[in-house]
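What the coordinates show
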Amino acid sequence: MKKITLIPGDGIGPEIANSVVKIIKASGLDIDWDIQTAGSDVVESEGEPLPTRVLDSIKQNKVALKAPVTTPIGNGFRSVNVALRKELDLYANLRPCKNLPNVKTKFDNVDIIVVRENTEDLYAGIERRIDNDTAESIKIITRGASTKIAEFAFDYALKNSRNEVCAVSKANICKLTDGLFLESVREVSKKYPQIKYKEILVDNLCMQLVQDPSRFDVLLLPNLYGDIVSDLCAGLIGGLGVAQGANIGKDCAVFEAVHGSAPDIAGQDKANPTALLLSAVEMLKHINEHSYAEKIDAALARALGGKILTADLGGNAKCSEFTDEVIKYL
């Protein structure tokens, strides 16, 4: 039996985590869940949002499924998500964005892979307050991290029969930092002559994505642009409630719903578990449980084609009711 770390998170996290665990169990796959709490709920009892025991669990099990964890805005503790990525060197953030069956959107031809560098850029957290009226944040771009994420993107394209990698930057303004990112990616691209390579400025990319997303295949971005563009792409396929994500490193991988913890609806059985379920499907593929991944994916597609849908998908069903609907098709 495979042992996997489960981080239920806070807000709506425990509800959707419970939903996904029930669906996987109903598929017939036995998983030994190593449950590890993290986030705002453990700060008072353990003094920090990401206790060492959580990291130790992931290092031992190599794979984790993580529900949303609240990050305070403007004050309080730093993001648990960012800390996980840095501590475990989960350098690649993978966000597949593809139309789902029966989820109505403005476009029906979206099939984009967003590959985001996950460890540096402005997310390095090097900030200081100069005086009462001025603060600064330092943007870090290194050749090593840029090369590593570029190799990940081109390898992914090659293994998954994708045709093109497009590097995204603002190198016309950030000439040294984004310039180094592009320089590194160009060098890597030479090793993959079978994959078409192009470049685009991030503002132009955003405009083109909302005009015709079918123009793009694999997008390769530094951390900040990747964070923003991946959410834009999620909007093209129905929103964060149906957007999956994975953070992948050399030794460990953490699969997660990319939306927030939605504390305003926590405990009300209203949340949509689809994003975390899709992330779990990718996790099952990662551990070579492809038959169960395909089985759950097919059941989800049938459930999305029905009338038992959560509010964000135009229905009025509870999280538990939608969960039961997916299980019914299993």
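Here, the structure is the one placed above.
Heads up: these notes are all about the structure in this document. (Residues numbered from 1 in each chain as written. Predicted model: local features only at pLDDT ≥ 70, side-chain atom pairs only at ≥ 80, totals over all residues. Heavy atoms only, no water.)

A word on the pattern of salt bridges. A complete count under the given rule lists 20 salt bridges for this structure. Residues Asp111 and Arg162 are paired through a salt bridge, measuring 3.3 Å at the closest nitrogen-oxygen approach. Placement of the pair is Asp111 in strand β5 (residues 111-117) and Arg162 in the loop between α5 (143-159) and β8 (164-169), with a sequence separation of 51 residues. With a relative accessible area of 31%, Asp111 lands in the partly exposed category. Between Lys328 and Glu325 there is a salt bridge, with its nearest N and O atoms 3.3 Å apart. Placement of both Lys328 and Glu325 in helix α11 (residues 319-329) is noted, with a separation of 3 residues, approximately one turn of the helix. Because the salt bridges share partners, they merge into one network encompassing Lys66, Arg85 and Glu256. (Salt bridge = Lys/Arg side-chain N within 4 Å of Asp/Glu carboxyl O. Helix = DSSP H or I, 4+ residues; strand = E, 2+ residues; numbered from the N terminus. Buried < 20%, exposed > 50% of the residue type's maximum accessible area, 1.4 Å probe, protein only.)

Of all 6 residues that make up β8, 6 are buried, and the element is covered over most of its length. By the alternation rule, side chains of β8 split into Glu164, Cys166 and Val168 and Val165, Ala167 and Ser169, which are all buried. Of the strand pairs in this sheet, β8 and strand β9 (residues 196-201) are connected by 6 bridges, and their pairing is parallel. In the strand pairing of β9, Glu164 is matched with Lys196. Between the parallel elements β8 and β9, the chain passes through helix α6 (residues 177-189) in a crossover that is right-handed. Pairing of β8 with strand β10 (residues 218-221) involves 3 bridges; the strand directions are parallel. Bridge pairing in β10 links Ala167 to Leu220. (Pairing = 2+ DSSP bridges. Right-handed = clockwise from strand over helix to strand, strands pointing away.)

We now examine empty space enclosed by the protein. Under the defined criterion, the tally for this structure stands at 1 cavity of 30 Å³ or more. A volume near 40 Å³ is recorded for the largest cavity. Per-element tally for the lining of the largest cavity: the top contributor is helix α4 (residues 80-87), with 3 residues. When the residues that make up the lining of the largest cavity are grouped by side-chain class, the tally is 2 nonpolar, 3 polar and 4 charged. (1 Å grid on protein atoms, 1.4 Å probe; cavity = no way out; pocket = protein on both sides within 12 Å on 5 of 7 lines; lining within 4 Å. Points joined across faces, edges and corners; volume = space filled by probe spheres on them. Nonpolar A, V, L, I, M, F, W, Y, C, P; charged D, E, K, R; others polar.)

For the rest of this paragraph, the subject is the packing of helix α1 (residues 13-26) against α11. Between α1 and α11, the least distance of the axes is 10 Å, while the angle of their chain directions is 15°. The pairing of α1 with α11 is recorded here as roughly parallel in orientation. Judged by the twist between their axes, the crossing of α1 over α11 is right-handed. For the pair α1 and α11, the contacting residues are Glu15, Ile16, Ser19, Lys22, Ile23 and Ala26 in the first and Cys319, Thr323, Asp324, Val326 and Ile327 in the second. Of the residues contributing to the contact of α1 with α11, the split by class is 6 nonpolar, 2 polar and 3 charged. (Axes fitted to C-alpha atoms, helices over the stretch in contact; angles between N-to-C directions. Parallel < 35°, antiparallel > 145°, perpendicular 65-115°, else oblique. Left-handed = near helix turned anticlockwise from the far one by under 90°. Contact = heavy atoms within 4.5 Å.)

By the definition in use, this model includes 3 aromatic pairs. Residues Tyr91 and Phe152 carry aromatic rings whose centres are separated by 6.3 Å and whose planes lie at 85° to one another, so their mutual orientation is edge-to-face. One end of the pair, Tyr91, is in the loop between α4 and β4 (92-98); the other, Phe152, is in helix α5, and 61 residues separate them in sequence. For Tyr91, a relative accessible area of 15% puts it in the buried group. (Phe/Tyr/Trp six-rings, centres within 6.5 Å; stacked < 30°, edge-to-face > 60°.)

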